[in-house]
Every structure is written in structure tokens, then in C-alpha cells.
Amino acid sequence: MLRIEAQTEGRGASDPAGSSFYLYAFVDAERKLESLSSIPNAEACADFRLFRVGTVAALAAPTPTADFIGAVGERNLDDPAWVAARCRRHEAVLELAMRDGAVFPAGFGTLFSSAEVLLDFVGRHERQIAGFLRETADHEEWEVSAFAILDGHDLLERTAASEWPDFLSLSAGARYLRLCRERTALIASAKRLACRAAVSLLSELQHELRPSNAVLRPPRPRLRVTGNEINGEQVGSLVLLIRSEQAAALRTTLASLNPACVKVGSPLRLAVSGPWPPYSFRPTLD
């Protein structure tokens, strides 16, 4: 049976030998976290603990220190399969914890050497953590990404026409040869134009939705998608912190935007993902 141990003291006696405490998140101190009982392979996570300090608590679990530190740790962190499995577990715990209320998510691989060190950290940052949990209660993080097929013929022709005033006066054969000759430079120009268009479109979306908070992000290098409706390279994204009841409006708005982009000949297509733990809006805890 999954055990959640509420602790207000952590002076060495509860520290498993050879282990550190792996931090998943900070939560309200009164949380029951009953949803964690449904985590897949619960036996492997049967030692969750809540370290309470004032109005907040740290959700953590003992983990072998050597898994992350030293020669074994270096080998593990260089193994994509090992990292991916533990990232999935980390996100599964956070997603379940979110069902019970607001979370201040910790990044993957956040370790504390002892319960005492963890409790001291929580105590020093209790006010910031509590404030964040209040601000994000009943909120969700969503990301809207803009994609474009940067090497598509139509986009390259439009880019060439904007870059070279005489391009459209050339014969079809001459235009084709010039496109082939200048392809690499045109793709770079097309990306710049698509990125500017993405910022404009995402800014309009932000204004329409009026989220509690938002962050415009530059494109992630080499992030591409292939699907029935969305294809191409990411050219920008908008991360939103919205009230839970706004999620339906977000989906409805996006459902109308992609057909509108097609209608006006825009190369942009929008995709939405979420809800996520509110990583993008966390304050920095020094």
C-alpha cells in the first residue's frame, strides 16, 4: 500500500542509508494526495513523503544517491532510455498530484541530501511557495505552438517575391532555377518571416484569451511535427496560464484559427498541448 508520511521533523533518523530525497513538487500542507494511489507500478513508489513546514509541504521520495551522482549517475544520465523512463514517472506523479490541487513543480532530478536539508529549504521559501500555490489554484498551463513547412514551394515563392523585386517578372523556368540555387538562403528568410508572423498571431491570441499570465517563446531548435493536420517546424510558441474553465474556449478558438490561416494563405498552423504543471511561471528559489 502506498505510504505518505507527514513529517515536521527530519533530523537524520528518517534518512535512508545511501539515499537522497527526490523532490517532485511543493503542495499545500493540508493536501491528502489520494490520487497518488493510482500511479502505475505503485509498489515502486510506495515511499512518498510529505515534509510539512507551515502552510506548505514538499512531496518527495527516497532514491539511491548513486543513481544520479558519481560514475553510476553519469552513466545513467547518458542513457536516454533510463532518463526517459524516470522523466515519465516524474510527470506521472505531477499529473496525479495536480488532480488534488495546485502544485509547484520541481524539475527532473532535483535531489536533497537529507530530510533536514529539504525541510530547511522549504522553511526558507515557504512564503514564495505558498504565494505561487495561491496564484495558480484552479489554473492550468497550456502551450500553443505555431508550425510552418519552411521548405514548401509556395512559401519559398512568396519569400522570394518579397526578397527580390524582379522575381515575379522572370519566366517560370528562371524562377525555378533561382529557387533551387538560393534554396538554403530562402529557407532561412522564410523562417524569419514565419517567426515574425507567429509572434503577431500568438500575440493576438493572447489578447483575445486574456490569460492570468503568458510567455511568448522563441522556436525550439529542430522541433518538427508530422501529422494529418499539423506539419513542419516550430516557429514560435505561447505558454498560457489560464483558469481551468478557459480550456474549452482555448480549444474552440484554435479550431477556428487554423482554417482561417488556410483561407488567407498563411503558412502557419497552430497546435495546443496541455494541461501541464505550471513550470513556466514558477518563481526562482535560490
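Residues numbered from 1 in each chain as written. Predicted model: local features only at pLDDT ≥ 70, side-chain atom pairs only at ≥ 80, totals over all residues. Heavy atoms only, no water.

A.B. asks: Run through the layout of surface pockets, naming residues and quoting values.
C.D. replies: Of the volumes computed, that of the largest pocket is approximately 400 Å³. Lining the largest pocket are 22 residues, with Met98, Gly101, Ala102, Val103 and His139 positioned closest to its centre. Going through the elements one at a time, α2 (80-98), α4 (126-136) and β7 (139-148) are the ones with two or more residues in the lining of the largest pocket. Here the element with the most residues in the lining of the largest pocket is α4; it accounts for four residues. Taken together, the residues of the lining of the largest pocket sort by class into nine nonpolar, five polar and eight charged. (1 Å grid on protein atoms, 1.4 Å probe; cavity = no way out; pocket = protein on both sides within 12 Å on 5 of 7 lines; lining within 4 Å. Points joined across faces, edges and corners; volume = space filled by probe spheres on them. Helix = DSSP H or I, 4+ residues; strand = E, 2+ residues; numbered from the N terminus. Nonpolar A, V, L, I, M, F, W, Y, C, P; charged D, E, K, R; others polar.)

A.B. asks: Explain the nonpolar core to me, and be specific about the residues and the numbers.
C.D. replies: Within the largest apolar cluster, 32 residues are counted, with the highest numbers of intra-cluster contacts made by Val144, Val235, Leu240, Leu250 and Leu270. If you list the elements that add at least two residues to this core, you get β7, α5 (153-163), α7 (183-209), β10 (232-243) and α8 (247-263). Setting aside its immediate chain neighbours within four residues, leucine 250 contacts Trp142, Val144, Leu209, Leu240, Ile242 and Val272. Membership of the second largest hydrophobic core comes to 25 residues, among which are Ala58, Ala60, Phe112 and Phe132. (Core = buried A, V, L, I, M, F, W, Y, C linked by side-chain atoms within 4.5 Å. Buried < 20%, exposed > 50% of the residue type's maximum accessible area, 1.4 Å probe, protein only. Contact = heavy atoms within 4.5 Å.)

A.B. asks: Now, about α7: what can you tell me, with residues and values included?
C.D. replies: The first and last C-alpha atoms of α7 sit 38 Å apart over 27 residues, in line with the 39 Å expected at 1.5 Å per residue. Buried within α7 we find Leu186, Ser189, Ala190, Ala194, Cys195, Ala198, Leu201, Leu202, Leu205 and Leu209. In the stretch just after α7, arginine 210 is the one whose phi turns positive, near 50°. (Expected span 1.5 Å × (residues − 1).)

A.B. asks: Hey, could you go over the packing of aromatic side chains for me, with residue numbers and the actual values?
C.D. replies: Applying the stated rule across the entire model yields twelve aromatic pairs. The interplanar angle of 55° and the centroid separation of 4.9 Å between the aromatic rings of tyrosine 22 and tyrosine 24 together place this pair among those described as tilted. The class of tyrosine 22 is buried, set by a relative accessible area of 6%. For the pair phenylalanine 68 and tryptophan 82, a centre-to-centre distance of 5.3 Å together with 70° between the ring planes defines the contact as edge-to-face. Remark: tryptophan 82 occurs in helix α2 and phenylalanine 68 occurs in the loop between β4 (56-64) and α1 (70-77); sequence separation between them is 14 residues. Summarising the burial analysis for this pair, phenylalanine 68 and tryptophan 82 share the class buried. One residue, arginine 178, lies across the ring of tryptophan 164, its end atom 3.9 Å from the ring centre. (Phe/Tyr/Trp six-rings, centres within 6.5 Å; stacked < 30°, edge-to-face > 60°. Lys NZ or Arg CZ within 6 Å of the ring centre and 35° of its normal.)

A.B. asks: Lay out unusual backbone geometry in plain terms, naming residues and giving numbers.
C.D. replies: Here the amide bond leading from glycine 274 into proline 275 is cis, since omega sits at 0°, within 30 degrees of zero. You can see proline 275 is positioned in strand β11 (residues 269-276). The phi angle at aspartate 138 is positive, at roughly 65°, despite the residue not being glycine. According to the relative accessible area criterion, aspartate 138 is exposed, its value standing at 62%.

A.B. asks: So what's going on with the pairing of strand β3 (residues 49-53)? Residues and values would help.
C.D. replies: Taking burial as the measure, the five residues of β3 include four buried ones, the bulk of the element. Note that β3 and β4 share five bridges and pair antiparallel. When the bridges of β4 are listed, phenylalanine 51 appears paired with alanine 58. Linking β3 to β4, which pair antiparallel, is a turn of two residues; within it glycine 54 sits at a positive phi near 60°. (Pairing = 2+ DSSP bridges.)

A.B. asks: Got a sec to walk through the side chain of glutamate 233? Specific residues and values, please.
C.D. replies: Residue position: glutamate 233 is located in strand β10. A polar atom in the side chain of glutamate 233 sits 2.7 Å from the side chain of lysine 191. (Polar contact = N/O pair within 3.5 Å; in protein donor to acceptor, adjacent residues only side chain to side chain.)

A.B. asks: Provide a residue-level description of the packing of α5 against α7, including the pertinent values.
C.D. replies: When two helices pack together, their arrangement is captured by the angle between the axes and the distance separating the axes. At a closest axis distance of 9 Å, the pairing of α5 and α7 adopts a crossing angle of 90°. Judged by the inter-axis angle, α5 sits roughly perpendicular to α7. The residues of α7 that touch α5, namely those facing Leu155, Leu156, Thr159, Ala160, Ser162 and Glu163, are Arg183, Leu186, Ile187, Ser189, Ala190 and Leu193. The residue makeup of the contact of α5 with α7, split by class, is seven nonpolar, three polar and two charged. (Axes fitted to C-alpha atoms, helices over the stretch in contact; angles between N-to-C directions. Parallel < 35°, antiparallel > 145°, perpendicular 65-115°, else oblique.)

Don't take any of this as a statement about function, it's just geometry.
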